[in-house]
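# Fold and geometry: a report
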2 protein chains.
Amino acid sequence: MAKERVTVVDIARAAGVSKSTVSLVLQGSPLVNEATRAKVNAAIRELGYVYNRGAANLRQAKSKIIGIVVNDLTNSFFAELAVGVDAVVQSAGFVQFLANTGEKIERQREVIASMREHGVSGLIISPARGTEAADLAPLVASGIPVVLVVRDIAGAGVSSLTSDNRAGALAAVRHLIERGHRRIAFLGGFADTAVFEARVRGYRDALREAGLDASDELVIGSAPSRAGGVTAIEQAMMLEDRPTAALCFNDAVAFGVCDGLRARRLDPGQDFAVIGFDDVIEAKTAVPALTTVSVDPQGMGERAAELLLKQINAGRAEAQAIVSPVRLVVRQSCGAAIERRLKEISS
Amino acid sequence: MAKERVTVVDIARAAGVSKSTVSLVLQGSPLVNEATRAKVNAAIRELGYVYNRGAANLRQAKSKIIGIVVNDLTNSFFAELAVGVDAVVQSAGFVQFLANTGEKIERQREVIASMREHGVSGLIISPARGTEAADLAPLVASGIPVVLVVRDIAGAGVSSLTSDNRAGALAAVRHLIERGHRRIAFLGGFADTAVFEARVRGYRDALREAGLDASDELVIGSAPSRAGGVTAIEQAMMLEDRPTAALCFNDAVAFGVCDGLRARRLDPGQDFAVIGFDDVIEAKTAVPALTTVSVDPQGMGERAAELLLKQINAGRAEAQAIVSPVRLVVRQSCGAAIERRLKEISS
DNA sequence: CCTTTTAGTTGGAACGTTCCAATTTCGTCA
DNA sequence: TGACGAAATTGGAACGTTCCAACTAAAAGG
């Protein structure tokens, strides 16, 4: 088997019709007689025909492929994002080309080029760190619909879907302040990203409006990973005037911070309040359950895919920047448990 | 811009050569004169030409696409596996079609069909739960090289790359026994998978060779997730005769078990020994650092991709079942810390 | 009975590339 | 100078599909 490819012509011969008719059947056209359709379908099954989408694309000059490029697939935030995209893209009859850049601009350039060569009809990109508008210029000039997710790039002239990072950070820090914290740190993340900048801005604004200290020593960068969280909290605990709470760049950092606290025999949520950002799946089941700003990566992926599909169908659409709202999910790690216990005692 | 596609003929006209010559340049053939090559390349840049790989594939009847289908991309084990595949596949000049089945057979059927239609030249599959040899029969009959990873399927007649689950479990449980544990549970995982079966077999063999109780009540299944781990340890703690240690189906379960222990005010690694399976990235940085059986998902992805590429290049290769070795990484969660402390005291 | 309509079917050109065999160009040698 | 071989270039067919305009057969209308 697998000797020679079975094509429409073979099917046509077997079914005693022309290749045009077979093509019509393949596309479910109503123009073809019920009886012939049955004959053709029988022949298709019989010969084990496989549709050649490449040939079809060549003729029609459009593919049913959309590309998604993410900067770090090992980060479960992006993995979930990809899953969200996949879900809607698949049910729209498209198929997903996924590539991982690992934050490398060069790799990103390569994979985008490769996707264009394969004729993707749209692209969802979570850009690598340091991507500039110029890097995307040839792509957008080609007229392929592009949606940027998570990280926006100023002046790129394409649609983007980001979350309201400033508002999320603001809400989180306000919450910590309400709980009575006066010295609050911001831990983790690379300082040269727009996301970091926005979250820190929200953090500072909340401190300022409460008239609290927003000195630079309280903002401690690190890799946006669990390991980075450990080092960040260690650094924070070296400070003369130690913080009693922290907003973390993301959930991975927050978990690392909890690890670091435990390593110092401190109980996260009890001795120190920590809030994360993103609300990855593990946040709910962790102990203590992580208070975090919910971003819903899967939902973001879905919305990005919908936006892209809309642009593909519309042919040409205005670039729009959507910032999706975000909400604080209060669980245990910010000290909710303490309060509950205090209430129990007083009642 | 983006009006009309520029093709080789446009380039040919602009450079004053024939389309055949342009094609030769595109493929880096040594047959073409240095001067003409330069002219052609200039025209390519000038007109912003993008290569149409679809058309090329049509002519050559082979693509540079490999497909990878995973059963759960939100599980970081599989995300890392995909990253490993991506790395070697990309550097071999291929591009990766990734699809997520979410453990659904029907979806798996669809994505495999879609990939065949797109003419992938090989497929790496981590099959959904319950996949049978019959499900893959048409695929293997077509002669497309296929490599199964993580989960093997008996009688499928294709190559597979799995890890030595029995040996890993055996080593882990032996280690717990050496540490003095006598009542050891196996927690988490779905009982109807080959992986579960192999790990439990290793677990039982270790108990048996030490003459210990291997009763069924100590094997407690659950979803192979963090949440599943929480419920599994809860169930274990309800037993008349409680275990003092557990081997977990995977790291996610192990983290859940730690969470569950903490919820009961028990200190994992101290009051109860836990060992995971897989060695995901977080295992090292967690507190306590997780003792686990290292499977190196990224490395597995790389090896699977290499195996697949070899088969693609060889044209026709014997199906081989590779089981890759596995090693126990001892960290804190199995009580290593306790021992260290005992040593400190005695010295 | 002829014309018109409708339902169904069909051959051939086209999509953008690669491959093959054929051709041109050019330098070298007798 | 003519012949020869090597180097470089080329036109056309082919890949598997879709689209279009043209065709046939049968039914409907006059």
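Residues numbered from 1 in each chain as written. Chains lettered and ligands numbered in written order. Predicted model: local features only at pLDDT ≥ 70, side-chain atom pairs only at ≥ 80, totals over all residues. Heavy atoms only, no water.

## Some details on the sheet that holds strand E10 (residues 291-294) of chain A
Paired through backbone hydrogen bonds, the strands of a sheet run either parallel or antiparallel to each other. All names here are of chain A. Read across the open sheet, the six strands follow the order E7-E6-E8-E9-E10-E12; overall the sheet is mixed. Two strands lie at the open edges of the sheet, namely strand E7 (219-220) and strand E12 (327-329), each paired on one side alone. Note that strand E6 (residues 184-187) and strand E8 (residues 245-248) share four bridges and pair parallel. Across the sheet, residue alanine 185 finds its bridge partner in E8, namely alanine 246. Here helix H9 (residues 194-209) sits on the sheet in contact with E6, E7, E8 and strand E9 (273-278), set at roughly 175° to E6. Contacts from helix H11 (residues 251-263) reach E6, E8, E9 and E10, with the element oriented near 155° to E9. (Pairing = 2+ DSSP bridges. Helix = DSSP H or I, 4+ residues; strand = E, 2+ residues; numbered from the N terminus. Contact = heavy atoms within 4.5 Å. Axes fitted to C-alpha atoms, helices over the stretch in contact; angles between N-to-C directions.)

## As for the UniProt feature "domain: HTH lacI-type" (unreviewed entry) in chain A
The sites that carry the UniProt feature "domain: HTH lacI-type" (unreviewed entry) are, in the present numbering, residues 6-60 of chain A. Segment residues 6-60 of chain A splits into 69% helix and 0% strand. End C-alpha atoms: 21 Å apart. (UniProt positions renumbered as here; feature names shortened; annotations may be inferred.)

## Brief notes about the protein's contact with DNA strand C
Among the 26 residues in the neighbourhood of DNA strand C, the closest are listed as Ser20 of chain A together with Val8, Ser23, Tyr49 and Arg59 of chain B. Across the atoms of DNA strand C situated within 4 Å of the protein, the share located in sugar and phosphate is 64%. One of the side-chain N or O atoms of arginine 59 of chain A is found 3.3 Å from a base nitrogen in DNA strand C. A distance of 2.5 Å separates a phosphate oxygen of DNA strand C from a polar side-chain atom of serine 23 of chain B. Of all the elements in the fold, those that place two or more residues in the surface near DNA strand C are helix H2 (19-26) and helix H4 (53-60) of chain A together with helix H2 (19-26) and helix H4 (53-60) of chain B. Of the residues belonging to the surface near DNA strand C, the class tally is ten nonpolar, eleven polar and five charged. (Near = heavy atom within 4 Å. Polar contact = N/O pair within 3.5 Å; in protein donor to acceptor, adjacent residues only side chain to side chain. Nonpolar A, V, L, I, M, F, W, Y, C, P; charged D, E, K, R; others polar.)

## Some details on the interface of chain B and chain A
Taken residue by residue, the interface counts 44 residues in chain B and 44 residues in chain A. In total, about 4200 Å² of surface goes out of reach between chain B and chain A, with carbon and sulfur atoms giving 60% of it. Linking chain B with chain A are two salt bridges. One salt bridge connects glutamate 117 of chain A with arginine 53 of chain B, and the closest N-O pair in it is separated by 2.3 Å. Taken together, the connections running from chain B to chain A amount to two residue pairs in polar contact (both at pLDDT 80 or more). Looking at the side of chain B that touches chain A, the elements that each hand over two or more residues are H4, helix H5 (76-91), strand E2 (95-100), helix H6 (105-117), helix H10 (226-237), helix H11 (251-263) and helix H12 (282-285) of chain B. Per-element accounting of the side of chain B that touches chain A gives the leading share, seven residues, to H5 of chain B. (Buried area = accessible area lost by both parts, 1.4 Å probe. Salt bridge = Lys/Arg side-chain N within 4 Å of Asp/Glu carboxyl O.)

## Points about the packing of aromatic side chains
Describing an aromatic ring pair means giving the distance of the ring centres and the angle of the ring planes. A full pass over the atoms with the stated rule returns nine aromatic pairs over all chains. With a centroid separation of 6.1 Å and 35° between ring planes, the pair formed by phenylalanine 196 of chain B and phenylalanine 249 of chain B is classed as tilted. Within this pair, whereas phenylalanine 196 of chain B is found in helix H9 (residues 194-209), its partner phenylalanine 249 of chain B is found in the loop between strand E8 (245-248) and H11, the two being separated by 53 residues in sequence. Phenylalanine 196 of chain B gets classed as buried once you look at its relative accessible area, which sits at 7%. Members of the aromatic cluster, joined through ring pairs, are Phe186, Phe196, Tyr203 and Phe249 of chain A. Sitting above the plane of the phenylalanine 190 of chain A ring, arginine 129 of chain A keeps its charged end 4.0 Å from the centroid. Above the face of the phenylalanine 277 of chain B ring, arginine 199 of chain B is positioned so that its terminal group lies 3.7 Å from the ring centre. (Phe/Tyr/Trp six-rings, centres within 6.5 Å; stacked < 30°, edge-to-face > 60°. Buried < 20%, exposed > 50% of the residue type's maximum accessible area, 1.4 Å probe, protein only. Lys NZ or Arg CZ within 6 Å of the ring centre and 35° of its normal.)

## As for the pattern of salt bridges
Inspection of the entire model under this criterion finds 36 salt bridges over all chains. The salt bridge partner of arginine 13 of chain B is aspartate 10 of chain B, with a shortest N-O separation of 3.7 Å. Within this pair, arginine 13 of chain B and its partner aspartate 10 of chain B are both found in helix H1 (residues 8-15), separated by three residues, close to a single helical turn. What makes aspartate 10 of chain B partly exposed here is its relative accessible area of 23%. Sharing partners across several salt bridges, the network here consists of Arg183, Asp213, Glu217 and Asp241 of chain A.

## Quick notes on the nonpolar core
Membership of the largest hydrophobic core comes to 151 residues, with the highest contact counts inside it found for Tyr203 of chain A together with Tyr203 of chain B. Setting aside its immediate chain neighbours within four residues, tyrosine 203 of chain A contacts Ala169, Val173, Ile184, Ala185, Phe186, Leu218, Val219 and Leu247 of chain A. Ile144 and Val146 of chain A together with Val95 and Met115 of chain B belong to the second largest nonpolar core, which has 38 residues in total. (Core = buried A, V, L, I, M, F, W, Y, C linked by side-chain atoms within 4.5 Å.)

## So, the side chain of asparagine 250 of chain A
Residue and element names in this part refer to chain A. By secondary structure assignment, the location of asparagine 250 is in the loop between E8 and H11. A residue is classified by how much of its surface remains accessible, and asparagine 250, at 5% relative accessible area, is buried. For asparagine 250, the side chain forms a polar contact with the main-chain nitrogen of alanine 252, separated by 3.2 Å. Only 2.9 Å separates the side chain of asparagine 250 from the backbone nitrogen of valine 253, close enough to count as a polar contact. If sequence neighbours within four positions are ignored, asparagine 250 has contacts with Arg199, Pro224, Gly276, Phe277 and Asp278.

## Observations regarding unusual backbone geometry
Residue and element names in this part refer to chain A. The phi torsion at aspartate 279 lies on the positive side, around 60°, for a residue other than glycine. Looking at the secondary structure, you find aspartate 279 in the loop between E9 and helix H12 (282-285). Aspartate 279 gets classed as buried once you look at its relative accessible area, which sits at 18%.

## Quick look at the domain arrangement of chain A
All names here are of chain A. The domains assigned to chain A are domain 1 (8-51), domain 2 (63-163 + 297-325) and domain 3 (165-296 + 329-346). Facing eleven residues of domain 2, the contacting portion of domain 3 comprises twelve residues. Counting each side, the surface lost to burial between domain 2 and domain 3 is near 1000 Å², with a carbon and sulfur contribution of 50%. For the domain 2 face of the interface with domain 3, the top three residues by lost area are Phe77, Arg129 and Ser163, together amounting to 45%. The interface formed by domain 2 and domain 3 holds one salt bridge in total. Our count for the contact surface shared by domain 2 and domain 3 stands at five residue pairs in polar contact (both at pLDDT 80 or more). Among the elements that line the side of domain 2 that touches domain 3, the one with the most residues is helix H13 (residues 297-314), at four residues. A per-class count over the side of domain 2 that touches domain 3 returns four nonpolar, four polar and three charged. (Domains from an automatic or database assignment.)

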